[in-house]
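# Overview (structure and organization)
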Amino acid sequence: MGLPALEFSDCYLDSPQFRERLKSHEAELDKTNKFIKELIKDGKALILALKSLSTAKRKFADSLNDFKFQCIGDAETDDEMCIAKSLQEFATVLQNLEDERTRMIENANDVLILPLERFRKEQISAAKEAKKKYDKETEKYCGVLEKHLSLSAKKKEAHLHEADNQVDNVRQHFYEVSLEYVFKVQEVQERKMFEFVEPTRNRFESTRSEVESLMRKMKENPHEHKSISQHTMEGYLFVLEKRSFVSTWVKYYCTYHREPKRVTMVLFDPKSGGKMGEEESFILKSCIRRKTDSIEKRFCFDVEAMDRPGVITMQALSEEDRRLWMEAMDGREPVYNLNKDSQAEGMAQLDVIGFNVMKKFIYAVETRGIDEQGLYRIAGVNSKVQKLLSLAMDPKTCADVELDSPEWEIKTITSAIKHYLRVLPAPLMTYQYQRSFIKAAKMDNPEARVTEIHALVHRLPEKNRQMLELLVKHLANVASHHHQNLMTIANLGVVFGPTLLRPQEETVAAIMDIKFQNIVVEILIEHHERIFRDIPNSAGGPNNMQSNQSRRRSTENKAPSCSERPLTLFHTPTHSQKGEKRNSVADVQNSTNCNSSSSSSSSGGGSHSQTPRHSLTSNDGEPDGRQTRPSSLLNPKSRGSIPTSATTPSPTSPRSPSWPMFSAPSSPHPVSSASSDSSPVSVSGRKAIALYACKAEHESELSFIAGTVFMNVHSSREPGWLEGTLDGRTGLIPENYVEFLQ
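A brief look at the structure comes next. (Residues numbered from 1 in each chain as written. Predicted model: local features only at pLDDT ≥ 70, side-chain atom pairs only at ≥ 80, totals over all residues. Heavy atoms only, no water.)

### Quick look at the overall build of the protein chain
For the protein chain, the helix and strand inventory stands at 22 helices and 11 strands. Taking all 742 residues of the protein chain together, the buried fraction comes to 44%. Pairs at least 24 residues apart make up 68% of the contacts formed inside the protein chain by residues separated by at least 6 positions. Working note: accessible area of the protein chain is about 38,900 Å², and carbon and sulfur atoms make up 52% of it. (Helix = DSSP H or I, 4+ residues; strand = E, 2+ residues; numbered from the N terminus. Buried < 20%, exposed > 50% of the residue type's maximum accessible area, 1.4 Å probe, protein only. Contact = heavy atoms within 4.5 Å. Areas by Shrake-Rupley, 256 points an atom, 1.4 Å probe, with all protein chains shown as cover.)

### Notes on the sheet that holds strand E4 (residues 276-289)
The 6 strands lie next to each other as E1-E2-E3-E4-E5-E6, forming a closed barrel whose pairing is antiparallel. Taking the axes of each pair of neighbouring strands and ignoring which way they run, one obtains an average angle of 50° across the sheet. Of the strand pairs in this sheet, strand E5 (residues 300-305) and strand E6 (residues 311-315) are connected by 5 bridges, and their pairing is antiparallel. When the bridges of E6 are listed, Glu304 appears paired with Val311. (Pairing = 2+ DSSP bridges. Axes fitted to C-alpha atoms, helices over the stretch in contact; angles between N-to-C directions.)

### Observations concerning unusual backbone geometry
The phi angle at Thr430 is positive, at roughly 65°, despite the residue not being glycine. By relative accessible area, which is 10% here, Thr430 ends up buried. Phi at Asn712 is positive, roughly 50°, even though this residue is not glycine. Looking at the secondary structure, you find Asn712 in strand E8 (residues 709-715).

### Focus on the sheet that holds E8
Backbone-to-backbone hydrogen bonds pair the strands of a sheet. The strands run either parallel or antiparallel. Read across the open sheet, the 5 strands follow the order E10-E9-E8-E7-E11; overall the sheet is antiparallel. Every interior strand has two partners, whereas the edge strands, strand E10 (729-734) and strand E11 (738-740), have only one. For this sheet, the mean inter-axis angle between neighbouring strands, taken without regard to orientation, is 45°. Both E8 and strand E9 (residues 721-726) contribute to a ladder of 3 bridges, which runs antiparallel.

### Here's the deal with helix H6 (residues 319-329)
Buried within H6 are the following residues: Asp321, Arg322, Leu324, Trp325, Met326, Ala328 and Met329. Structurally, H6 contributes buried residues whose contacts are with strand E1 (233-243), strand E2 (246-257), strand E3 (262-268), E4 and E5.

Interpretation note: all reported values are geometric properties and have no functional meaning in isolation.
As structure tokens, then:
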């Protein structure tokens, strides 16, 4: 197991557990120091041995080169000449090898020995100096605090006020030294990796800058970055005890749990070397503040226990500290408020508006700039991003937002997508499962990672899973264009990991887990078809699977209401299906005209309530035979056949999410009729919004998605069709697919 992360927030508590974790880091640094010392010693010995070896081999090569064969006779044979030449060539090879070895030995000191010696001198020695300073400040702070708490409450107010200011300054300086020491210890632990393996330097620099930024935030405003503790209250208290007939104040580290009202005390004094005593606990019965005139010491309060006799007198470290303990123990509101809502967080929700805003943004990105380099990595201007998001999220202005306008750059739209996800009250993948996703990413087996993440995705709340599927499929599309936009799956993981899996609190451990957040997003993108298409066997157990199946059956057997209706309620027919539909259109039309009145009543009578016949079922599960699509669209003489969606599956399919439909303000003047016998409504050029998606089947028609806004919409010569402008192109729009805006 690796070393535990040292949290900056723990420097302010200075708990026994924090001191133990700090000791483990210090022991590891001592071990590293000894290892490097031995490594330097062995390295120097190796260099000397290599030099001796090189000298011996050069001498041997010289001997081979000087050796001459004396032949018998006045001429040498070919074999004798070959032997003599081969010895000289071997000597040359040895000389060349030793030349290279010599160059390596000359660089060995600069490449190996000096960096290690520099690391020991600059880093480990610096950490040791920081420890000495930290121990010194610990002694000073504990001494000043004990002296301060021993002051009599009967002292003059001015004297007490001056003493309070003095101890506050010493305490603040101790906290700063503690933060710097913790930062230095962890920096050395991380730095030693790239001192030995250079490629890890970039990751170290990135992590170091983030940790240093967090340390500065803690220094500037520590109260905003306090850790989320499992205890209602914890900290040091001095307890009045009678030992050998003498009353004395003993320092304890105390924790309090509100639910069982359990108080736990551990004898611990940091300045004595941090030796921990035995733990004792009791159930709290009552807590009463001690009056100033009833005891000489300040900041005192009495507690009574359910399971032990007598009154226990405790002394807090300051008036503010006593107030916090009193609030925690008397059953009033807890100390820490972990719900940090803001206006932006209140506005961003996983509701109908949120879904439709995301769909519009994604559609704009995929149609306008999916090949743009640095997509999602390059940030937009913050003021423009805020303006776009506020306009798009406001029901009064959302229809006026035209994302095709040059005013909205692609980087502004992508930044708005990221900002929306960031300001949700909770991350899209929830705080509840954040640690589970990280744990899954840390698994050794790659297939096990995918399987576990697959199961976790299907445990998310329904809306969260639907929004995640919408986003991940879009990111997969972006990644498929990485040759143009340079945004690979890994790059997208870096961008969206901290957003989708942001931790509940900003800690050092959370920063260290960023790389695993990125891995989770990479797995989601790479395996999105499997993860969102298939229901895993382990996604919550049999009970959850049964509930999913029952929910799906209820969805299939019930026609969706307007608020529950998916983005599109029809599927893409195959060529053979299209032919069958065209051949049967005439038969259907006759029955449609006969049942027009019942169709109108079944669809609610509104112009936007009609949906394709083949996507709805009656309450008893049988197909609804009533025709709810405008009969003009079924007329073989009309301009187009049934509009279809090329990408959206049928809502009755278990794979398709039940996304809410875009809900636009209702027009006071209906512009369409449920019957084909009614004449086209005469309207002047106005704005209209699409209620459903439609794919054009003729050049004169327009393709669009739900939420698209058309300009200059007016009646056309074609029955059941309107004419409007989209992106500068004028074409036909199904009359019952749009609603006019005021």
